[in-house]
Amino acid sequence: MTVRLATRMQRLGTETAFEVLVKARALEARGKDVVHLEVGEPDFDTPENIIQAGASALQNGWTHYGPANGLPDLREAITNYINGARGTAYDASQVVVTPGGKPVMFFVMLALLEAGDEAIYPDPGFPIYGSMINYSGATPVPLALRESSGFRFDIEELKSKITDRTRLLIINSPANPTGGVLEQGDLEQIAELAIRHDFLVMSDEIYAELLYEGTHHSIAALPGMQERTIILDGFSKTYAMTGWRLGYGLFPGNLAESITKLMVNSVSCTSMAVQRAGLEALTGPQDKVAEFRNAFHQRRDLIVNGLNAINGISCVMPKGAFYAFPNITGTGKTSREFADLLLEEYGVAGLAGTSFGAAGEGYLRLSYANSEANLNKALERIATAVKDLGL
Ligand code: PLP
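Figured I'd write up the structure that's included with this text.

Procedures and definitions
- Residues numbered from 1 in each chain as written.
- Predicted model: local features only at pLDDT ≥ 70, side-chain atom pairs only at ≥ 80, totals over all residues.
- Heavy atoms only, no water.
- Phe/Tyr/Trp six-rings, centres within 6.5 Å; stacked < 30°, edge-to-face > 60°.
- Helix = DSSP H or I, 4+ residues; strand = E, 2+ residues; numbered from the N terminus.
- Buried < 20%, exposed > 50% of the residue type's maximum accessible area, 1.4 Å probe, protein only.
- Salt bridge = Lys/Arg side-chain N within 4 Å of Asp/Glu carboxyl O.
- Pairing = 2+ DSSP bridges.
- Axes fitted to C-alpha atoms, helices over the stretch in contact; angles between N-to-C directions.
- Near = heavy atom within 4 Å.
- Polar contact = N/O pair within 3.5 Å; in protein donor to acceptor, adjacent residues only side chain to side chain.
- Areas by Shrake-Rupley, 256 points an atom, 1.4 Å probe, with all protein chains shown as cover.
- Nonpolar A, V, L, I, M, F, W, Y, C, P; charged D, E, K, R; others polar.

Let's shift gears to the packing of aromatic side chains. Taken as a whole, this structure holds 14 aromatic pairs when the rule is applied. Ring plane angle 10° and centroid distance 4.5 Å describe the contact between F44 and F292, whose orientation is recorded as stacked. Note that F44 is positioned in the loop between β1 (35–36) and α2 (48–59) and F292 in helix α10 (residues 287–308), a separation of 248 residues in sequence. On the basis of relative accessibility, which here comes to 4%, the residue F292 falls in the buried class. Ring centres of Y207 and Y323 lie 5.7 Å apart, and the angle between their planes is 85°; on these two criteria the pair is classed as edge-to-face.

Below is the structure:
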């Protein structure tokens, strides 16, 4: 039987990484060896002190419902961390703790956007941005990011996309899938536009701690911007906690109340034991964060230099996150064709650049959150694939 769905379901997109993972697992089940560079998650285990905090929370009665917006101690720790690291002045009442950073996107779009509104988002960019803008009924307005400018925003192009219907702009620095970073000057120009045209900014800063050059700047710290910025952040990438599902948003004005209402209407609250683990993550030793960052830095250099040594492929050096975004136009294949070829024939699972928007054509996204041995294996296989194409 085909269940009749609400028409709004046609507007919902997806995240291809999970589909490619399923396809890769099916190939493995048939005996094929696959190097997994498709899913964006650290290959490290969660640091031991955080696991202990979560386990002892479960043993000590943190097994009940709790406040919909999150535990006060954790919201306080998040506020201290963000204000210290970003130079903002948020109050703990502006924080809502969510099961992962992703629900912040979901809730923000539902709370803010409706038919007739427009929201601008980066292309290539995290696929859920466009999906959720569409789902809200608003019009998604992609802003192309180009390799020639290090995948930063072209401010003139951004200006051309702003109308009197623009309600929201999404920025993501360091960025998935390109590893591009917005510089302080870019943020200043974006802030000036947000204030002049009176729109909000959702700043996805989930990779802020994975920056290999310079310091991270948040648009929320610029004059007049905290009151029109939503910061999205979380524990998945920084503390290798993807499966725990723990993230948060910092919201301007009265928005935290509406986001809390959406929490009550959906998941009630984020798991208490997981929040206790998050408290340990933020307030305990931070040496693992630096260790992970250093490992990713080395792996970045390994994969990007390796890709640049392969005929038909070129790759700009990403400044942050853990993704390489090589240009594969020299292979004569489309993104999808090359990604499929690599997976099916050569056992390298990566994502087509087009999984992140139309402007991703001509690119692949390879997550280098994997061991150096696996990255070397993937590079050898890609080099063979390219050689077999006659390059
Ligand atoms: N934002 C970006 C840019 C991401 O790449 C991801 C995960 O891949 C997230 C947010 C959401 O992460 P999580 O829901 O695991 O906290």
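Picking up where we left off.
Attention shifts here to the pattern of salt bridges. Overall, the coordinates contain 18 salt bridges when judged by the stated rule. A salt bridge links E213 to R300; its shortest N-O distance comes to 3.1 Å. With E213 in the loop between β6 (200–204) and β7 (229–234) and R300 in helix α10, the pair connects residues that are 87 residues apart, well separated along the chain. Owing to a relative accessible area of 4%, R300 belongs among the buried residues under this scheme. The salt bridge partner of E291 is K288, with a shortest N-O separation of 3.2 Å. Placement of both E291 and K288 in helix α10 is noted, with a separation of three residues, approximately one turn of the helix. The exposure class of E291 is partly exposed, given its relative accessible area of 43%. With relative accessibility at 33%, the residue K288 sits in the partly exposed group.

Attention now goes to the sheet that holds strand β5 (residues 166–172). Taken together, the seven strands give an open sheet; going across it, the order is β2-β8-β7-β6-β5-β3-β4, and neighbouring strands pair in mixed fashion. Each edge of the open sheet is held by one strand with a lone partner, namely β2 (95–98) and β4 (139–144). Strand after strand, the sheet turns through a mean of 20° between neighbouring axes, direction not considered. Two elements, strand β3 (residues 118–123) and β5, share three bridges in a ladder whose sense is parallel. For A119, the partnering residue across the bridge sits in β5 and is L168.

Moving on: the site of the ligand. Around the ligand, a shell composed of 14 residues is seen, among which G101, D204, Y207, S236 and K237 lie nearest. Measuring from an oxygen atom of the ligand, one finds a side-chain N or O atom of Y207 at 2.7 Å. In this structure, K237 approaches the ligand through a side-chain N or O atom, which is 2.6 Å from an oxygen atom. Against a free-state accessible area of 400 Å², the protein chains account for coverage of 93% of the ligand. Of the residues belonging to the shell around the ligand, the class tally is five nonpolar, five polar and four charged.

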